[in-house]
Structure formats: C-alpha cells, structure tokens
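Structural features, examined
Letter by letter, the chains look like this.
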Amino acid sequence: MNDAGEPGYNFAYLDESTKRMIRRAILKAIAIPGYQVPFGSREMPLAYGWGTGGIQITAAVIGADDVLKVIDQGADDTTNAVSIRRFFARVAGVETTERTAEASIIQTRHRIPERRLSDGQILVYQVPIPEPLRFIEPRETETRKMHALVEYGAMHVKLYEDVAAHGRITTSYNYPVLVNGRYVMSPSPIPKFDNPKMDMMPALQLFGAGREKRIYAIPPYTPVKSLDFEDHPFSVERSDRPCALCGATDTFLDEIVADDRGGRIFVCSDSDRCGEQRDQVASGDGAAP
Amino acid sequence: MTDLPLLTATSLSYAYGRRMACQDVDLEIWPGEVVAIVGESGSGKSTLLGCLSGRLRPDRGHVAYRDRDGAVLDVWAEPEARRRLLMRTDWGMVHQNPRDGLRLRVSAGGNVGERLMAVGARHYGDIRQAAQAWLERVEIDPARVDDLPLAFSGGMQQRLQIARVLVSNPRLVFMDEPTGGLDVSVQARLLDLIRGLSRDLGLSALVVTHDLAVARLLAHRIVVMRGGGIVEHGLTDRVLDDPHHPYTQLLVSSVLPA
Amino acid sequence: MTSMLRLVDVSKSFVLHNQGGIVLRVLDRLSLEVRAQECVALVGPSGIGKSTILRIAHGNYAPDSGRVIVAADGRATDIAAAPPRRILALRRDTLGHVSQFLRVIPRVPSIEVVAEAARDAGATPAEARARAEAMLARVGIPERLWPLSPTTFSGGEQQRINIARVFVVPYPVLLLDEPTASLDAENRRIVVGLVREARLRGAAILGIFHDPEAREAVATSEIDCTAVLRAA
C-alpha cells in the first residue's frame, strides 16, 4: 500500500478502514449538503485546533497522484500550512504546491483562495465549531432538532442583534449561510468576504471538525446564500486601498506591521495570488500601479 | 365565544414511573376563556400543563386543537414539526421563571422579534417596529428595546416574556405560575395586563397557579386538581364561594380571603 | 309583563365536609318570579339566607335541585344547568349583581373598574369611559378619586363603586344585595333614584333592602322569606 510514503505507516497515515469510515461520512455529507455528519474522529499526531478535522478528510480522499496545497489564512508559508504540507509529503509521498491552479486538493484554514477554483478540485476546510446555532442554543439535542425541522428563526436573532447594536450586520467572519435552500451552515471562520465564492463553486467543498467529530460538505455548483435582512442585505466591504505589494484592489487584505516604528501596510492575504500578480507586473505588461 | 372548544383533552394520563401524576383528565378550553388550574404542589397541575401544551407526551389520552381554519388536530399524533410550529405560532408559553422563557443574552427587541423571524419575517425595520409596539403594549418603555433582559426587574422580565409570546398573535397561551415570585403590587399590574390582553385579543389562556386570589381575579373558570385528577371545576366564583368537594373546601378555607 | 327571572323549586344546602359533614339546609323548593318593570324585595330577618337566593340567581351558588330561568335575547337559560361560559355571557349583558363585596384587581383605577363593565357589555372604549364618568359623578365619587384604586376607599365609597359598575350597564335583570347599606341619606337617595329609573326602563329587579324607607321607595312587591327559608 505504501510505496511512496513513510516506512512503517500506511499511505496517508490513517489505516484503510478508518479512511473508509471517513469516506462514508463524506459521501453522506455530499448527499445532504450542509448537514453535519458525525464521524469517528481519530487521534492525529498534532493537537486539536491545528486542523485535525481537515487532515483526516485530506488523508481519506488523497491519492498518490494528487497535488496538495495547504494554506493558513491564505498563506502557504505559515507554520501550520508548512507542517501539514510536510506531513502529507512524508506519509503519502504526494507532490505539494503553493499554486492554487496546480493543486488538486487544497486544505485551508480560514480562507478561500482568491483564484476561482475549477471542476475537479477539492477544497478542505478546517473547522473549529461546526454548529452555527450553538451560540443561541447550547443543547446539541435541540440544535439537531432545529436543523431537522428547519427552525432557523433564532439564527436571524444573531443578525438582528448586530443591526440593533451597530446599525448594520457586523458579523465579519464565520458568517452563516443557507446551503441548497435547506441547511444553515457555518462556513468556518473564513471572512465574509469569501462567502460569495462558496456559491455555485465548481470545486467540491469538504468541512472537517476534528474535536467535534463532524464532517459536512457542499457539492460542486450548489447554491449557498448568506443570511441577511431585506433592509440590511448581505454585503462585502471592499478595502479602499490596494495591496501594498501587488497593487490588487479586488482581494482580501491583511494588515501587517512593516517596520519597528509601528508602520503598517496592507497586503494580500492570499500569498499565491499576490505573487502571481507581482509576476505579471514584473513581466512588463504595463499594469503597474 | 363560539360554540366549539379550542382545545379538548380526553382521558389524559401521565406517570412518572409508577406514580400517576395525571390520571384520566378531561378538559376543554373555549375561545376567549381563561382557565385556572389550581392545586397544591404535586397535584399534577404542572404535568397536565405539560401534556396540554405539547411539552410532555401523555402516556394515554388525546389533546385535540381546533386551528384557525376550523380543522381539528390530534396534537400528539401530529408530526413533531407540526406540533412545534403550533407551539411557536398559535400557542405560547409563559414560564414562572422568565429565565426559562427569555434569551437573557439577547436584547428585548431580539427576544420579542424571534417568533416573527421564526415564521419568516426578514425585514429588520418591521421586526423592530413590531417589537417596540409590543413593549409598549406590555408597559415597557420602547426606548429600552436594545436593553438586555438582565437589566429589567422581575416584573418587567415577566411582561417581556408575555410580549415575546404574544407577538406571533397566538390563540392560546399557557402560563405556569405567571405571578409567582413577584411582589404583590407587581403581581396586580401583571394580572391587570393579562386580563386586559385576553379580553382585547380574544385570547384563551390556561393558567397554572397555587394562588386562589390570582385565579379569582384572572380566570373565568377554575379546575381544582388533587392527586393527579380533577376533583372539582366550574365557574371561578362558584367554585371558590360554593365549593362542593371536601378538598376544595379545605383549599378555600385554608387561605386568607381573596 | 314578560317574566325575566324565575326560580322553580330551588333547594340549596351546604355540606361542610371539614366540620364533620354538617349539612346546612337553606332553601327548600323555593319558587319565585320577577317580571320586567317589577322590583321584588326579599324580606325577613337577617342571616336566614336571602343573599343565597341572589347568589343562586347570579350563578354564584349552585342549587341542589330546581331551575333558575333567565330570559335573554328571546331565549330562556337555566342558570343551574348552563355551562360557565353561558353564565358569563349572561353576566356581561343581562344579569347585574350588586353584592356586598367589591372584588377588583388592586391598583386598577376606579374609572376603569366601572368602564370595564360597560366594555364587557359591548360599549366601545370611549363610550364606556364616558358612561363610567357620568355614573361615577352620579353616585357622587369626586373626580380626584377616579384615577385611584377603590381598594383604598372607605366602605361607603367602595359600595358606590360597586353600584356604579352595575348601573353603568342597562342590565335587563338586576340582583341587588343591600345596595343602600353603609350609605348616608344623600347617597341612599341617589341609589333609590337609580333603582327606580332602572325599573321604569324595564328592568326586572330582585333585591334585599334592609332600609325600610328605601324598600318602600323602590319595591313593587315583597316576598317574606321567613316562610320559605330554613336555617340549619
């Protein structure tokens, strides 16, 4: 089974029966878009909160021919992303990449790549808290019933509270969505800037919560609607400044400290996209800012 | 009042293990009628309330509800989805402890608006306006629409709970000791409010109370429970002034004059 | 004239279960009738159960046997057998009862206590309030007391609130239990005036009037209860 990977370990770390169990959960999740399927989450060689749910999904779906990209808040070069990429390079011997376009599987924490994903790609989200109703109803038995009976009034109470307190919906990440007109779902803590990308996405989206032992999914080309009010419709705030590195005006920006005098600049959170843009500018087609 | 009951319970029984908390109870509630269930602790009045209000599935018996279209639903035979829809639209529940009936970390407006949002209201401005109108109706300053219930007094919390329930224009409200734990003067204000609302809105209410004075001022009809069964029922002042059952006589004579 | 209230063979006893099951027989096969424009006074020594008759007619006490027929809206209802909601409906628009007790929710203003009766009988809120104001003025409750709860009033004032909340509605049948008790001469005169007006507009009145002068002034006939009532 394991020609390419680490001696003494099965391909992609998990044993085959565990992978089958996870794949069954994934298939069920795809069949019922937005529904949280319980699964037997395994102990992984890293702590909860570091993407154990996403890793188990990736391990269950990855094949020797896959090309893996891992991002953490959009960046390929942060500790978590580097560790997970290295983990799969070792236990599965797969090729890794930082290029969104070249990857067949992209595991992500808290972002969706800026580049539109295409048919055949899989986006794997790491999820800390899968239950969108938990803030208003802590009882799991009750939230499951609320999902089953489509009792989602309480979900809007949260948005109501936002508008009442701030004059607008201020929820800016982990913004709840309605999947395929049926299940309310937590998109994981991605910025709401990314929410529109989930709608009718050509790629398969899989969500894994390791600690809470839940998997859910959005099949390709599924309608995903962000919850809102008629008089306070969902909207994405765009930055009024361009990326300080590539000059892009249509991306999600991170604020970073640029020097030891407290100077700050805003740069693309998606490091691959930022690099591509800079290469284009450098190749001299006159698009420089 | 029309000629058909709103709610009809037939031979309701419920047991906790071997102890029958409620045995073969028959009860009708008519449109516009306020019915008090009185009895001491352990008499089965709260169990009966649970069975009637969709919260406690009876071991035996039926609860039939006549909906707005005149169709009769066998409440406990309906799918849970239908029953829960009923509970958050046509019915309302006011708990003794407002903490059980309110979301304490949600503003007064959010609490009142929830039932509207639950049935599909998606216009923030309309929801807020409705919430403020209801706050005013239960004598809470509409300017406090954004305050948390925790900032309210006990009496205000109870009134907020009532607004939260009535906003969906229910036809039947269940109340479990609604004035329990309140000061006497606050009680009086609440009783007046409930009575006025039930009259103005043509609301039916089932009120569980151990306080005969509350029952006298609020209820058209009274049901006396003991040991899981109804021992006497009838027009409120008839039961209190001319009690027939030995237990009712004891109950009436053991309290200060109402 | 039309028969408005009829008691037929009404018997009433009280069984005191918690006092060794003592049985108090109060009424034995009492029959009486009150027609429109009649005022029948129940007379006899106090404590023999005259109030019981009024309470039975009001549905407040349940007789052991017999019928209590009230005519309203062209149909006769037997109060002794009617369901509570029917009795309540009759109390809203047909049966007015002045008792010796004032039972109201504390803190509700007097004006609203009186207006509520008019509203229950079908008046609009504005109309009910206007009628309540007129009636309170008529029974001599000063305007400054209208916003106050009658629970804080003197006995005589409470009695006048009780009278006002009944006479604010033109009930076809009136049951009056000592309406002039605890009133001074001036207020007695006012109440006597109200009772006579009610009778002349067609009301059938059954009452207990302790004060002979008031009784003389309003009653069209008397029933001596000593003959029909038996103390235990």
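Scroll up to find the structure this text is about.
Since the structure is predicted, the reported quantities are computational estimates derived from the model, not experimental observations. Sequence order sets the numbering: in each chain, residues are counted from 1 along the sequence as written. Chain letters start at A and ligand numbers start at 1, both assigned in the order the entries are written. Restriction of local features to residues with pLDDT of at least 70 applies here, the model being predicted, together with a cutoff of 80 or more for giving and counting side-chain atom pairs; totals for whole chains, interfaces and linings are based on all residues. Each side-chain value is derived from all of the structure's non-hydrogen atoms; neither hydrogens nor water enter the calculation.

Quick notes on the interface of chain B and chain C
Should any heavy atoms of two residues lie within 4.5 Å, those residues are counted as being in contact. Opposite the 27 residues of chain B that make contact, chain C presents 26 residues. The term buried area refers to how much accessible surface (probe radius 1.4 Å) is lost by two components on association, counted for both of them together. Between chain B and chain C the total buried area reaches about 2,400 Å² when both faces are included, carbon and sulfur atoms providing 53% of it. On the chain B side of the contact with chain C, Arg199, Leu235 and Asp242 of chain B bury the most area, a combined 23% of that side's loss. Just to be clear on terms, a salt bridge is a Lys or Arg side-chain nitrogen sitting within 4 Å of an Asp or Glu carboxyl oxygen. Counting across the chain B and chain C interface gives six salt bridges.

With respect to the state of the cysteines
Disulfide: a pair of cysteine sulfur atoms within 2.5 Å of each other. Within the structure shown, the criterion is met by zero disulfides over all chains. Here Cys243 of chain A is not cross-linked by a disulfide; its sulfur's nearest cysteine counterpart is in Cys268 of chain A, at 3.6 Å. No disulfide involves Cys22 of chain B; its nearest neighbouring cysteine sulfur is the one of Cys51 of chain B, lying 5.3 Å away. Taking relative accessible area as the criterion, Cys22 of chain B reaches 0% and is therefore assigned buried. Whether a residue is buried, partly exposed or exposed follows from its accessible area with a 1.4 Å probe, protein chains only, as a fraction of its type maximum: under 20%, in between, or over 50%, in that order.

Observations regarding the nonpolar core
Phe88 and Phe229 of chain A together with Phe167 and Leu174 of chain C are the most contacted members of the largest nonpolar core, which totals 146 residues. Comment: elements are numbered from the N terminus, with helices defined as DSSP H or I runs of at least four residues and strands as E runs of at least two. The element best represented in this core is helix H5 (residues 153-166) of chain A, accounting for seven residues. Counting contributing residues per domain, this core is built from domain 1 (1-94 + 171-232) and domain 2 (103-166) of chain C, each supplying no fewer than three. Not counting residues up to four positions away in its chain, the partners in contact with Phe167 of chain C are Val98, Met135, Leu174, Leu176, Leu194, Val195 and Ala198 of chain C. We call a set of buried residues a nonpolar core when its members are Ala, Val, Leu, Ile, Met, Phe, Trp, Tyr or Cys and they connect through side-chain atoms within 4.5 Å of each other. Core analysis: the second largest hydrophobic core is formed by 35 residues, Val10, Ile48, Val70 and Leu95 of chain C among them. Just so you know, the domain bounds were taken from an automatic or database domain assignment.

Focus: the interface of chain B and chain A
How big an interface is tends to be expressed through the accessible area that disappears when the partners come together. Listed per partner, the contact involves 21 residues of chain B and 19 residues of chain A. Surface buried jointly by chain B and chain A totals about 1,800 Å² across both partners, of which 57% is contributed by carbon and sulfur atoms. In the analysis that follows, any N or O atom pair within 3.5 Å is treated as a polar contact, provided that within protein one partner can donate a hydrogen and the other can accept it, and provided that, for residues neighboring in sequence, both atoms belong to side chains. Inspection of the region where chain B meets chain A yields 12 residue pairs in polar contact (both at pLDDT 80 or more). For the side of chain B that touches chain A, the element with the highest residue contribution is helix H4 (residues 108-118) of chain B, accounting for five residues. Residue composition of the side of chain B that touches chain A, by class: seven nonpolar, five polar and nine charged. Charged means Asp, Glu, Lys or Arg here, nonpolar means Ala, Val, Leu, Ile, Met, Phe, Trp, Tyr, Cys or Pro, and polar covers whatever is left, Gly included.

Description of the sheet that holds strand E3 (residues 39-43) of chain C
All names here are of chain C. Sheet architecture is open: five strands sit in the order E6-E7-E8-E3-E9, paired in parallel fashion. Of all strands in the sheet, those with a lone pairing partner are strand E6 (95-98) and strand E9 (221-224), marking the two edges. Averaged over all pairs of adjacent strands, the angle between strand axes in this sheet comes to 15°, irrespective of strand direction. Here, a strand pair is defined by DSSP locating no fewer than two bridges between the strands. Of the pairings in the sheet, the one linking E6 to strand E7 (residues 173-177) comprises four bridges and is parallel in character. Bridging from a neighbouring strand, His97 pairs with Leu175 of E7. Contacting E3, E6, E7 and strand E8 (204-208), helix H1 (residues 50-58) runs over the sheet at an angle of about 150° to E7. In this description, a line fitted to the C-alpha atoms serves as the axis of each element, helices being fitted only across the stretch in contact, and the angle between N-to-C directions of two axes falls anywhere from 0 to 180 degrees.

Comments concerning the pattern of salt bridges
All chains considered together, the criterion is met by 49 salt bridges over all chains. For Asp76 of chain A, the salt bridge is made with Lys69 of chain A, and the minimal N-O distance between the two is 3.0 Å. One network of salt bridges, in which partners are shared, links Arg195, Arg199 and Asp200 of chain B together with Glu116 and Arg119 of chain C.

A look at the arrangement of the chains
For the two pairs of chains in contact, the maximum contact count is reached by chains B and C. Across all C-alpha pairs, the smallest distance from chain A to chain C is 35 Å, and the two are not in contact.

Regarding the sheet that holds strand E8 (residues 204-209) of chain A
Strands pair in a sheet through their backbones, by hydrogen bonds, and they do so in one of two ways: parallel or antiparallel. Residues and elements named next belong to chain A. Ordered in space as E1-E9-E8-E5-E4-E2-E3, the seven strands form an open sheet in which the pairing is mixed. Strands with a single pairing partner mark the edges of an open sheet, and in this sheet they are strand E1 (37-38) and strand E3 (95-96). Of the pairings in the sheet, the one linking strand E5 (residues 122-126) to E8 comprises five bridges and is parallel in character. Paired with Tyr125 across the bridge in E8 is Phe207.

Points about unusual backbone geometry
The phi dihedral of Ser188 of chain A falls on the positive side, at around 70°, and the residue is not glycine. Turning to its location among the elements, Ser188 of chain A is positioned in the loop between strand E7 (183-185) and helix H6 (195-198). Phi is positive for Arg107 of chain C, which is not a glycine, with a value near 80°. When you line up the elements, Arg107 of chain C lands in the loop between E6 and helix H3 (110-120).

Things to note about the packing of helix H6 (residues 154-166) of chain B against helix H7 (residues 184-201) of chain B
The description of two packed helices rests on the angle between their axes and on the distance between the axes. All names here are of chain B. At their nearest, the axes of H6 and H7 sit 10 Å apart, and the two run at 15° to each other. Taken together, the axis directions place H6 and H7 in an arrangement best described as roughly parallel. Here H6 and H7 pass one another in a crossing that is right-handed. On H7, the residues touching Gly155, Gln158, Arg159, Ile162 and Leu166 of H6 are Val186, Arg189, Leu190, Leu193, Ile194, Leu197 and Leu201. Angle categories: roughly parallel below 35 degrees, roughly antiparallel above 145, roughly perpendicular from 65 to 115, and oblique for all the rest. Two helices that cross are described as forming a left-handed crossing if the nearer one is turned anticlockwise from the farther one by less than a right angle, and a right-handed crossing if clockwise.

Here we look at the packing of aromatic side chains
Stacked, tilted and edge-to-face are the three classes applied to pairs of Phe, Tyr and Trp rings, where Trp contributes its six-membered ring and a pair requires centres within 6.5 Å; stacked means planes under 30 degrees apart, edge-to-face means over 60, and tilted covers the rest. In total, this model carries 14 aromatic pairs over all chains according to the counting rule given. For the ring pair Tyr125 of chain A and Phe207 of chain A, a centre distance of 4.0 Å and an interplane angle of 10° mean the geometry is stacked. Note that Tyr125 of chain A is positioned in strand E5 and Phe207 of chain A in strand E8, a separation of 82 residues in sequence. Neither residue differs from the other here; Tyr125 of chain A and Phe207 of chain A are each classed as buried. Each residue in the set Tyr9, Tyr13, Phe87 and Phe88 of chain A is aromatic and connected to the rest through ring pairs, giving one cluster. Here the basic side chain of Arg103 of chain C rests over the ring of Phe101 of chain C, its NZ or CZ set 5.9 Å away from the ring centre. To sit over a ring, a charge needs its Lys NZ or Arg CZ within 6 Å of the ring centre and within 35 degrees of the ring normal.

Looking at the pairing of strand E4 (residues 105-109) of chain A
Residue and element names in this part refer to chain A. By the criterion of burial, E4 is predominantly enclosed, with four of the five residues buried. Sheet topology note: the strand E2 (residues 67-72)/E4 ladder contains five bridges and is parallel. The residue bridging Ile71 from the neighbouring strand is Thr108, located in E4. Note that E4 and E5 share four bridges and pair parallel. By the bridge assignment for E5, Ile106 is matched with Leu123.

Some points on the environment of Thr2 of chain C
Residue and element names in this part refer to chain C. Mapped onto the elements of the fold, Thr2 is located in the segment before strand E1 (3-16). Sequence separation between Thr2 and Thr77 is 75 residues; the distance between their C-alpha atoms is 15 Å. What Thr2 contacts, discounting residues up to four positions off in sequence, is Val34, Arg35 and Ala36.

Concerning the side chain of Arg103 of chain B
Relative to the assigned elements, Arg103 of chain B resides in the loop between helix H3 (98-101) and H4. For Arg103 of chain B, the residues in contact, after removing those within four places along its chain, are Ile136 and Ala154 of chain A together with Asn111, Glu114, Pro149 and Arg164 of chain B.

Topic: the side chain of Glu131 of chain A
All names here are of chain A. Positionally, Glu131 belongs in the loop between E5 and helix H4 (140-148). Within the buried set, Glu131 has no salt-bridge partner at all; the shortest N-O distance to an opposite charge, 5.8 Å, is to Arg134. Side chain to side chain, Glu131 and Gln36 meet in a polar contact 3.2 Å long. For Glu131, the side chain forms a polar contact with the side chain of His147, separated by 2.8 Å. The contacts of Glu131, once residues within four sequence positions are left out, are Gln36, Thr143 and His147. Think of it this way: Lys and Arg go in the positive column, Asp and Glu in the negative one, and His and the chain ends go nowhere.

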